[in-house]
Amino acid sequence: MPDALHTLRAVFGYEQFRPPQDEVVATLVEGGDALVVMPTGGGKSLCFQIPALVRPGTGVVVSPLIALMQDQVAALRQAGVRAAALHSALDGATVRKVEQQFLAGALDLLYVAPERLVTERMQELLSRTPIALFAIDEAHCVSQWGHDFRPEYLQLSLLAQYFPNVPRIALTATADARTRAEILHRLQLQDARIFLCGFDRPNIRYRITQDNGKAREQLLQFINDEHPGDTGIVYCLSRKRVEEIALWLTARGLAALPYHAGLTPDVRQRHQTRFLNEDSIIIVATIAFGMGIDKPNVRFVAHLNLPKSIEAYYQETGRAGRDGLPADAWLSYGLNDVITLRQWVEASEADERHKQIERQKLDAMLGLCELTTCRRQALLAYFGDTLPTPCGNCDTCLEPPASWDATAPAQKLLSCVLRTGQRFGAVYLIDVLRGALNERIQHNGHHALSTYGIGKDLDATIWRSVIRQLIARGFLGVDAEQHGTLYVTQLAKPLLRGELSLALRHDTSRGTKSRPSPRGKVSFTLAHEQRLWEALRSRRRRLAEAQGVPPYVIFHDATLADIVAKRPQSLAELAHITGIGEHKLTQFGSDVLEVLHDHPVTAG
Ligand code: ADP
Ligand code: ZN
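Residues numbered from 1 in each chain as written. Chains lettered and ligands numbered in written order. Predicted model: local features only at pLDDT ≥ 70, side-chain atom pairs only at ≥ 80, totals over all residues. Heavy atoms only, no water.

### What to know about the overall build of the chain
Which entries qualify depends on this criterion: The way it works is that DSSP assigns letters per residue, a run of H or I at least four long becomes a helix, a run of E at least two long becomes a strand, and they are numbered from the N terminus. Put simply, the radius of gyration uses C-alpha atoms, and a globule should come to 2.2 Å times the residue count raised to 0.38. Exposure classes here rest on a 1.4 Å probe applied to the protein chains alone. A residue is buried below 20% of its type maximum, exposed above 50%, and partly exposed in between. Contacts were defined at the residue level, with two residues in contact if any of their heavy atoms lie within 4.5 Å. Here the accessible surface of atoms and residues is derived via Shrake-Rupley with a 1.4 Å probe, and residues count as covered only by protein chains that are part of the display.
Counting its regular elements, the chain contains 28 helices and 17 strands. A compact globule built from 604 residues should have a C-alpha radius of gyration of about 25 Å, and the chain, at 27 Å, falls within 12% of that. Burial statistics for the chain: of 604 residues in total, 54% are counted as buried. Considering only contacts within the chain whose residues lie at least 6 apart along the sequence, 73% involve residues at least 24 apart. As displayed, the chain has an accessible area near 26,400 Å², and 52% of this comes from carbon and sulfur atoms.

Below, the structure written as C-alpha cells:
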C-alpha cells in the first residue's frame with residue numbers, strides 16, 4: 001500500500017496532515033470505522049480521500065447535494081485523481097459510462113446521491129466491485145431532529161449489513177451530543193472511533209457593530225476599506241431589502257447580485273454561478289442562499305440583520321474562510337432589529353414550549369451582541385467548548401468597549417414607560433424623555449408627566465442604545481400585537497426600586513469607521529506583490545474558463561499567496577508550494593512560471 005503521507009504530498013501538494021486527519025486516515029486504512037465532527041474548513045475531505053487512494057478498490061462517497069459532488073469531483077480531477085459522480089442530473093449515457101468505469105476498477109472515488117446508493121441496481125454494482133471504503137458526508141442529514149433531515153439517509157444502515165468488511169466513515173460539521181448519538185445508532189457505527197474537533201474557526205474575525213441608522217453606509221465602508229475586490233455574502237432579512245441593498249451597492253461600483261426565493265430559478269442559478277466562477281462577486285441574499293455553497297475563498301460574511309439564534313449566526317458566518325485564510329464575520333445591528341425579532345417570537349404561531357425555546361435562543365444571540373468580553377469565548381461556550389483565554393481576533397478583544405453606569409437613565413426610562421401606560425414605542429418614549437413638544441404628546445397630556453423632559457441630558461442615539469440594551473437584557477418587553485410597544489418586565493422591578501445597578505455597553509461611533517484589518521484579507525504591502533497576485537488570479541481565471549470549472553478548483557487562494565511569498569523559479573521549486581501536487585505541476589507549472597517571469601520584483 002502506498003504511504004498516506006506520501007499520497008498527501010504527491011497528489012494534493014500538502015506538506016503535513018492537520019491533526020486529527022492523520023489518526024482518522026490511519027483508522028480507515030487499517031479497516032476501522034470513524035465518526036468525524038469537524039468544523040467547516042477543518043479538512044474533512046482528505047479524511048476519506050486519502051484512505052480511498054491508499055486502500056485497494058474504489059472509495060464510495062455519499063453526498064446529499066449535487067453541487068457539492070460536482071465541486072469535489074472537479075477538484076479531485078485537477079489533482080489527477082480518477083473521480084466521478086452518479087446523480088439525477090446526468091443523462092443515461094453518462095451514467096452508463098461512469099458505471100462501467102466503476103466496474104472496471106478505473107475509479108479512485110465515486111460520489112453517489114443517497115437515494116441512488118440504496119437502489120437495487122447500485123447494490124448489484126457494489127457487490128461486483130472492490131470497495132475501499134464508504135464515506136457518508138453531511139452525516140447529520142440522518143437526524144430527524146435536525147434541519148437537514150433526509151429520509152434516504154436512514155437506509156444507509158444497510159451498508160453495515162451488506163458490507164461488514166468495508167470501513168465506513170461518517171462526517172459532519174454540526175453535531176451536538178444527541179445528533180452524534182443518532183448518527184452512530186442509525187448508521188450502525190457502534191464500533192467507530194469518534195473524532196471531535198471543537199467548533200472554533202480561528203481564521204474568522206467576529207465583529208458586531210451598532211447600527212447607528214446608517215447600516216448600509218457602514219457596510220459599504222467596511223467593504224471598501226477592508227475587502228476591495230473580494231468575494232463576500234451580505235445577508236438581509238427580507239427580499240425587498242435584498243433588492244434594495246444589491247442595487248445600492250451596484251450603484252456604488254461594486255459587483256453585487258441579489259439572491260432570494262422570489263427570483264426565478266433561472267436568475268438564481270445565474271447569480272450563483274457567477275458567484276462561484278468569479279473572484280469579486282458580492283451576493284446579497286436572504287438565508288435562502290448558502291446551503292451547498294462550498295466556495296472556499298469567501299472573504300467576508302456580513303449581516304444587515306440579526307440572526308435568530310447563535311446556531312444560525314455560526315452557520316451563516318461559517319461560510320466565510322473555508323480555505324483557512326483570514327476572513328471577516330461582520331454584523332450590524334440596532335434597536336429596530338431587537339424589536340422586530342422579539343415581536344416575531346411573541347407573535348409566532350408556535351406553542352408556548354417552542355416559543356420559550358425561541359426566546360432563549362434569541363436571548364443568547366442578543367447577549368452575544370451586547371457582550372463587552374471576548375465574542376469567541378462566548379460563542380464557543382454556547383456550544384459547550386471552552387477557549388481558555390480571550391481570542392485576540394474579535395472586535396471586543398481588539399477594541400475593548402467601555403461600559404458606563406446607566407442605572408439612573410435606565411430608571412428614568414422605565415418609569416417613563418410605566419407613566420405613559422406601557423402603550424408606546426421607542427420613538428415616542430424618547431420624545432417624552434427629551435421633552436419634545438409635539439401634538440401627540442400634548443394630545444395625550446404627557447407633557448405634564450413627571451418624566452417629561454427628564455432625559456434632556458442624553459441625546460436620542462444614546463437613548464436608543466439604552467432601550468436596545470434594556471430589551472436585550474429582558475428589562476423591557478416588546479408587545480406581540482402592537483407596533484413596537486414596550487412594557488416593563490418583572491425583571492426590571494429591582495432596578496426601579498434601586499436595588500440593582502446597571503452597567504451598559506458604551507456604543508462607540510467607531511462602528512462607522514471600521515479599522516482596516518491586515519488579518520481580515522489576503523493583503524500585500526508591496527506594489528509588485530499586489531501586481532503578481534492580480535496576474536496570478538487572472539491567469540487562474542483563464543485556466544478555469546478553459547476547463548469549465550470554478551477558479552478555486554485550479555488553485556486555492558492559499559496556493560497563489562504562497563507563490564507570491566516564495567516566488568519559485570523552477571518547476572522543482574514550484575513543487576514545494578502548498579496545494580501543488582504532481583498533476584497540477586505538470587498541468588499548470590509552466591503557466592505559473594510564465595506569470596512569475598512577466599512580473600519581476602521591482603522597486604516600489
Ligand atoms: P471541510 O470539508 O471540513 O469544510 P475541506 O476538506 O474542504 O474542509 O478543507 C478545507 C480547506 O483546507 C481546503 O482548502 C483544503 O484544501 C485545506 N486543507 C485540508 N487539509 C489540509 C492539510 N493537511 N494541509 C493543507 N491544507 C489542507
Ligand atoms: Zn475575542
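### A look at the site of ligand 1
Here is the rule: Proximity criterion: a residue is near a molecule or strand once any of its heavy atoms comes within 4 Å of it. Pairs of N or O atoms are called polar contacts if they sit within 3.5 Å, as long as, within protein, a hydrogen donor faces a hydrogen acceptor (for residues adjacent in sequence, only side-chain-to-side-chain pairs). When residues are sorted by character, Ala, Val, Leu, Ile, Met, Phe, Trp, Tyr, Cys and Pro go into the nonpolar class, Asp, Glu, Lys and Arg into the charged class, and all the rest, Gly among them, into the polar class.
The environment of ligand 1 is formed by 15 residues, the closest being Tyr14, Gly41, Lys44, Ser45 and His556. Between ligand 1 and Arg18, the relevant distance is 3.2 Å, taken from an oxygen atom to a side-chain nitrogen or oxygen of the residue. Here Gly42 contributes a backbone N or O atom positioned 3.4 Å from an oxygen atom of ligand 1. Out of a free accessible area of 560 Å², ligand 1 has 83% covered by protein chains. Looking at the shell around ligand 1 element by element, the count peaks at 3 residues for helix H3 (residues 44–54). In terms of residue class, the shell around ligand 1 is built from 4 nonpolar, 8 polar and 3 charged.

### Side note on the sheet that holds strand S7 (residues 193–196)
Note the following rule: DSSP bridges decide pairing: two strands pair if at least two such bridges lie between them. Every angle, taken between N-to-C directions, lies between 0 and 180 degrees, and every axis is a line fitted to C-alpha atoms, over only the stretch in contact when it is a helix.
Spatially, the 7 strands line up as an open sheet ordered S3-S4-S2-S5-S6-S1-S7, and their pairing is parallel. Among the strands making up the open sheet, the edge pair consists of strand S3 (83–86) and S7. Adjacent strand axes in the sheet meet at a mean angle of 15°, parallel and antiparallel pairs treated alike.

### Some thoughts on the coordination of the zinc ion (ligand 2)
Rules: The donor set comprises N, O and S atoms within 2.8 Å of the metal, extended to 3.2 Å for Na, K and Ca; water molecules are omitted, so apparent gaps in a site may simply reflect that omission. For four-coordinate sites, all angles between 85 and 135 degrees define a tetrahedron; for four- and six-coordinate sites, opposite donors beyond 155 degrees with the remaining angles between 65 and 115 define square planar and octahedral shapes respectively, and all other cases count as irregular.
Protein coordination at the zinc ion (ligand 2): the donors are Cys374 (SG), Cys391 (SG), Cys394 (SG) and Cys397 (SG), at 2.3 to 2.4 Å from the metal. If you look at the zinc ion (ligand 2), its 4 donor atoms make angles of 102 to 120° with each other, and the shape they trace is tetrahedral. In the primary sequence, the donor residues of the zinc ion (ligand 2) line up as C-x16-C-x2-C-x2-C. By relative accessible area, Cys391 is classed as partly exposed at 23%. Take Cys397: its relative accessible area is 23%, and that puts it in the partly exposed class.

### Re helix H5 (residues 92–103)
Rules: A helix is expected to span 1.5 Å for every residue after the first. Here the arc refers to the directions that run from the helix axis out to each C-beta atom.
Under the 1.5 Å per step criterion, the end-to-end length of H5 is 17 Å for 12 residues, consistent within 8% with the ideal 16 Å. When we look at burial in H5, the residues that qualify are Val95, Val98, Glu99 and Phe102. Relative to the axis of H5, the buried residues are bounded by an arc of 100° and lie together on one face. Facing away from the buried side of H5, by more than 90 degrees, are the exposed residues Lys97 and Gln100. Against the buried residues of H5 lie strand S2 (58–62), S3, strand S4 (109–112), helix H6 (114–117), helix H7 (120–127) and strand S5 (131–136). Between the side-chain oxygen of the N-cap and the backbone nitrogen of Ala93 there are 3.2 Å, and the N-cap of H5 in question is Asp91. The first or second residue beyond H5 is Gly105, which carries a positive phi of 75°.

### Here we look at the pairing of strand S9 (residues 232–235)
The alternating pattern of S9 places Gly232 and Val234 and Ile233 and Tyr235 on opposite faces, both of which are buried. Two strands pair when backbone bridges link them, and S9 and strand S11 (residues 282–285) are joined in this way by 4 bridges, in the parallel orientation. The residue bridging Tyr235 from the neighbouring strand is Ala285, located in S11. Of the strand pairs in this sheet, S9 and strand S12 (residues 300–303) are connected by 4 bridges, and their pairing is parallel. When the sheet's bridge partners are listed, Val234 is paired in S12 with Ala302.

### A short note on the nonpolar core
When a protein is soluble and globular, its nonpolar side chains tend to lie buried together. Rules: Nonpolar cores are built from buried Ala, Val, Leu, Ile, Met, Phe, Trp, Tyr and Cys residues. Side-chain atoms within 4.5 Å join them into one set.
Leu470 and Leu476 are the most contacted members of the largest nonpolar core, which totals 97 residues. Leave out the neighbours within four places in its chain, and Leu476 touches Leu413, Leu414, Val417, Ile467, Leu470, Ile471, Leu486, Tyr487, Val488 and Thr489.

### Points about the packing of helix H14 (residues 310–317) against helix H16 (residues 352–370)
Keep this limit in mind: For classification purposes, an angle smaller than 35 degrees is called roughly parallel, one larger than 145 roughly antiparallel, one from 65 to 115 roughly perpendicular, and anything else oblique.
Remark: H14 packs on H16, axes separated minimally by 8 Å, with the N-to-C direction vectors making an angle of 60°. Taken as axis vectors, H14 and H16 run oblique relative to one another. Where H14 approaches H16, its residues Ile310, Glu311 and Tyr313 are matched on the opposing element by Lys361, Ala364, Met365 and Leu368. In the contact of H14 with H16, the residues fall into 5 nonpolar, no polar and 2 charged.

### Quick word on the sheet that holds S9
Taken in spatial order, the 6 strands line up as S8-S13-S12-S9-S11-S10 in an open sheet, and their pairing is parallel. The open sheet has two edge strands with one neighbour each: strand S8 (204–210) and strand S10 (256–259). Taking the axes of each pair of neighbouring strands and ignoring which way they run, one obtains an average angle of 15° across the sheet.

### Quick look at the domain arrangement of the chain
Threshold: The domain limits used here are those given by an automatic or database domain assignment. Joining two parts hides part of their accessible area as seen by a 1.4 Å probe, and the buried area is that hidden amount summed over both. For salt bridges, the criterion is a side-chain nitrogen of Lys or Arg within 4 Å of an Asp or Glu carboxyl oxygen.
Per the domain assignment, the segments of the chain are domain 1 (2–196), domain 2 (204–398), domain 3 (403–505) and domain 4 (527–598). In this complex, domain 2 contributes 20 residues to the contact, which on the side of domain 3 involves 15 residues. Summed over the three residues of domain 2 that lose the most area to domain 3, namely Leu335, Gln343 and Glu370, the buried surface amounts to 42% of that side. The partner of Arg468 in a salt bridge is Glu370, and the shortest N-O contact between them spans 2.7 Å. The interface formed by domain 2 and domain 3 includes 5 residue pairs in polar contact (both at pLDDT 80 or more). For the side of domain 2 that touches domain 3, the secondary structure elements donating two or more residues are S8, helix H15 (335–347) and H16. No other element matches the 8 residues that H15 contributes to the side of domain 2 that touches domain 3. Here the side of domain 2 that touches domain 3 is built from residues that sort into 9 nonpolar, 6 polar and 5 charged.

### Some remarks on the side chain of Glu182
Positionally, Glu182 belongs in helix H10 (residues 177–186). With residues up to four places along the chain from it excluded, the contact list for Glu182 reads Val142, Ser143, Gln144, Trp145 and Leu187.

### Digging into the environment of Ala10
In this structure, Ala10 sits in helix H1 (residues 4–12). Sequence separation of Ala10 and Gly579 is 569 residues, and the distance between their C-alpha atoms is 9.8 Å. Look past the residues within four positions of Ala10 in its chain and what remains in contact with it is Gly581 and Glu582.

### A word on the packing of helix H11 (residues 215–226) against helix H12 (residues 239–251)
Operational definition: Crossings are sorted by hand: turned counterclockwise from the far helix by less than a right angle, the near helix makes the crossing left-handed, and turned clockwise it makes it right-handed.
Two numbers describe how H11 lies on H12: the axes approach to 11 Å, and their chain directions differ by 50°. Considering the angle they form, H11 stands oblique to H12. For the element pair H11 and H12, the recorded crossing hand is right-handed. Between H11 and H12, the residues in contact are Ala215, Arg216, Glu217, Leu219 and Leu220 and Arg241, Glu244, Ile245, Trp248 and Leu249, respectively. In the contact of H11 with H12, the residues fall into 6 nonpolar, no polar and 4 charged.

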